[in-house]
Amino acid sequence: MPGMTTTPDRNRVQLPGISSRAYEHPADRSALVALRSLSGFDTVLKQMSGLISERRLRLIYLASAVRTSETQFRALYDMGRDAAYILDLHRVPEIYVQQDPSVNAKAIGFDDPFIVVTTGLLNLMNDEEQRFVIGHETAHILSGHAVYRTMLDILTRLAARVAWIPLGYIGLRAIVAGLEEWYRKSELSADRGGLLCGQDPEAALRALMKLAGGSQLHEMNIEAFLDQAREYDTAGDVRDGFLKVLNLLGTTHPFAVARVAELDRWRRSGEYEAILGGDYPRRADDANAKITEEMRAAARSYRESWAQSQDPFIGVLRDVAEGAVHAGERIFNRFSRRDAG
């Protein structure tokens, strides 16, 4: 049947019925569970983004890029089928290769999403690293991130239009900053999904390291790069910690050292092996996911990251952040009791 998946080219563990909740970062997962619970939310977003038509974008890439198939970029085409097979997608997303020296890949669309990969990325990464990238984008599709990223795009444009209204702009910028934080966590989620698709931890870490250092792999070392990540976390004083926060403003992707460190930490936590062993939530149970439980999981995740961090600035803010977390938990507990009644 057209569009259905087939067995991958080598023995990787398939994950039948896997829910995206299995690999999503707790902060990403809690936001997605909450947004999915709002009936019609995704429909409204689709209508709001009508000017950026999915069909129009597909036609643009159909006209200006190369669509992978059994006769065009066959290896990449097979990677897409493999990723869909492993994450148990009902339809294999199309993959387009775009002539562009920049290193990039993206998943586009709501109803029938597809993936675009640049030639710059293909030139930078070997087959197993490319497999991680395709898995990363396939994980974005399974999570439905495109719908909620559209909200960030809409609010960012709106913030620019009302910049002349001080209070309005400040309010919108606060919302956008929160969405950017979620966006960065969604990238960590997709990194985990990419690892589950490729099932080659070293290739996944290499791919992320190459985003920072380029193609000269013989000049780089994963362990040294992880040491660099630890140094980034501990370096400097409170002023440096504050500058790190400022450096994240306006960004939608975590820095490369943070992505490598986070993915390595997740792999070593045991969750990766547990999922490959069949211990993971199924999408058939997604409707039963509770917002309050996911919010608590997100709060625990932030607490753990604060406890692990040696950044002096994080130490200064820890008490304030703990207060915010407790306040958030009280609000969600109140809503939970109201729903139960």
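Right, let's walk through the structure included here.

Parameters and conventions
Here the residue numbering is sequential within each chain, running from 1 through the sequence in written order. Only residues with pLDDT of at least 70 get local features here, since the model is predicted, and only at 80 or more are side-chain atom pairs given and counted; chain-wide, interface and lining totals rely on the full set of residues. Hydrogens and waters are ignored; side-chain quantities use all the structure's heavy atoms. In DSSP terms, a helix is any run of H or I states spanning at least four residues, a strand is any run of E spanning at least two, and both are numbered starting from the N terminus. Buried means the residue's accessible area, taken with a 1.4 Å probe over protein chains only, is under 20% of the maximum for its type, while exposed means over 50%, and partly exposed covers the values in between. Pairing of N or O atoms within 3.5 Å defines a polar contact, subject to two protein rules: one partner must be a possible hydrogen donor and the other a possible acceptor, and residues neighboring in sequence count only if both atoms are side-chain atoms. By definition, residues are in contact when any of their heavy atoms lie within 4.5 Å. Axis definition: a line fit to C-alpha positions, over the contact stretch in the case of helices; interaxial angles, taken between N-to-C directions, run 0 to 180 degrees. Throughout this description, any angle smaller than 35 degrees is read as roughly parallel, any larger than 145 degrees as roughly antiparallel, any in the 65 to 115 degree range as roughly perpendicular, and the remainder as oblique. Note that Gly is not counted as nonpolar here; it falls among the polar residues with everything else outside the nonpolar set of Ala, Val, Leu, Ile, Met, Phe, Trp, Tyr, Cys and Pro and the charged set of Asp, Glu, Lys and Arg. Here, expected helix span is obtained from the residue count minus one, scaled by 1.5 Å. Think of the arc as the fan of directions from the helix axis to the C-beta atoms. Whether two strands pair depends on DSSP finding at least two bridges between them.

**Concerning the side chain of His136**
In this structure, His136 sits in helix α6 (residues 127-143). Judged by relative accessible area, His136 falls into the buried class, the value being 5%. Within the structure, His136 has its side chain in polar contact with the side chain of Glu187 (distance 3.0 Å). Among all residues touching His136, those that are not within four sequence positions of it are Glu187, Ala190, Asp191, Gly194 and Arg259.

**Overview of the packing of α6 against helix α9 (residues 201-213)**
α9 packs onto α6 with a crossing angle of 85° between their chain directions and a minimal axis gap of 8 Å. By the angle between their directions, the pair α6 and α9 is classed as roughly perpendicular. Contacts between α6 and α9 pair Glu128, Glu129 and Phe132 from the former with Ala203, Ala204, Arg206, Ala207, Leu208 and Lys210 from the latter. Here the contact of α6 with α9 is built from residues that sort into 5 nonpolar, no polar and 4 charged.

**Considering helix α10 (residues 222-234)**
An ideal rise of 1.5 Å per residue puts 18 Å on 13 residues; α10 measures up with 19 Å between its terminal C-alpha atoms. Inspection of α10 places Ile222, Phe225, Leu226 and Ala229 among the buried residues, and these make up the whole buried set. Buried residues along α10 cover an arc of 100° about the axis, so they all sit on one side. Lining the buried residues of α10 we find α9 and α12 (256-268). Where α10 begins, the capping side chain belongs to Asn221, and its oxygen is found 2.9 Å from the backbone nitrogen of Glu223.

**As for the environment of Ser19**
Summarising the element assignment, Ser19 is placed in the segment before α1 (26-36). Here Ser19 falls in the buried class, since its relative accessible area comes to 0%. Placed 261 residues apart in sequence, Ser19 and Tyr280 show a C-alpha to C-alpha distance of 7.7 Å. Excluding residues that lie within four positions of it along the chain, Ser19 makes contacts with Pro281, Arg282, Arg283 and Asp286. One polar contact links the side chain of Ser19 to the main-chain amide nitrogen of Arg21, over a distance of 3.0 Å.

**Some points on the pairing of strand β3 (residues 105-108)**
In this sheet, strand β4 (residues 114-118) lies alongside β3 in antiparallel orientation, the contact comprising 4 bridges. Bridge pairing in β4 places Ala107 opposite Ile115. Turn length for the β3-β4 hairpin, with the two strands adjacent in sequence and antiparallel, is 5 residues, and the turn residue Gly109 shows positive phi of about 110°.

**Describing the pairing of β4**
It is a general feature of regular strands that their side chains alternate between the two faces of the sheet. In terms of burial, β4 is largely enclosed, as 5 of its 5 residues are buried. With burial as the criterion, each face of β4 is covered, one bearing Phe114, Val116 and Thr118 and the other bearing Ile115 and Val117. Two elements, strand β2 (residues 95-98) and β4, share 4 bridges in a ladder whose sense is parallel. Residue pairing across strands places Gln98 opposite Thr118, the latter belonging to β4.

**Examining the sheet that holds β4**
Across the sheet, which stays open at both edges, the 4 strands sit in the order β1-β2-β4-β3 with mixed pairing between neighbours. Two strands bound the open sheet, and with one partner strand each, they are β1 (66-67) and β3. In the packing of helix α3 (residues 54-64) onto the sheet, contacts are made with β1, β2, β3 and β4, and the angle to β4 comes to roughly 40°.

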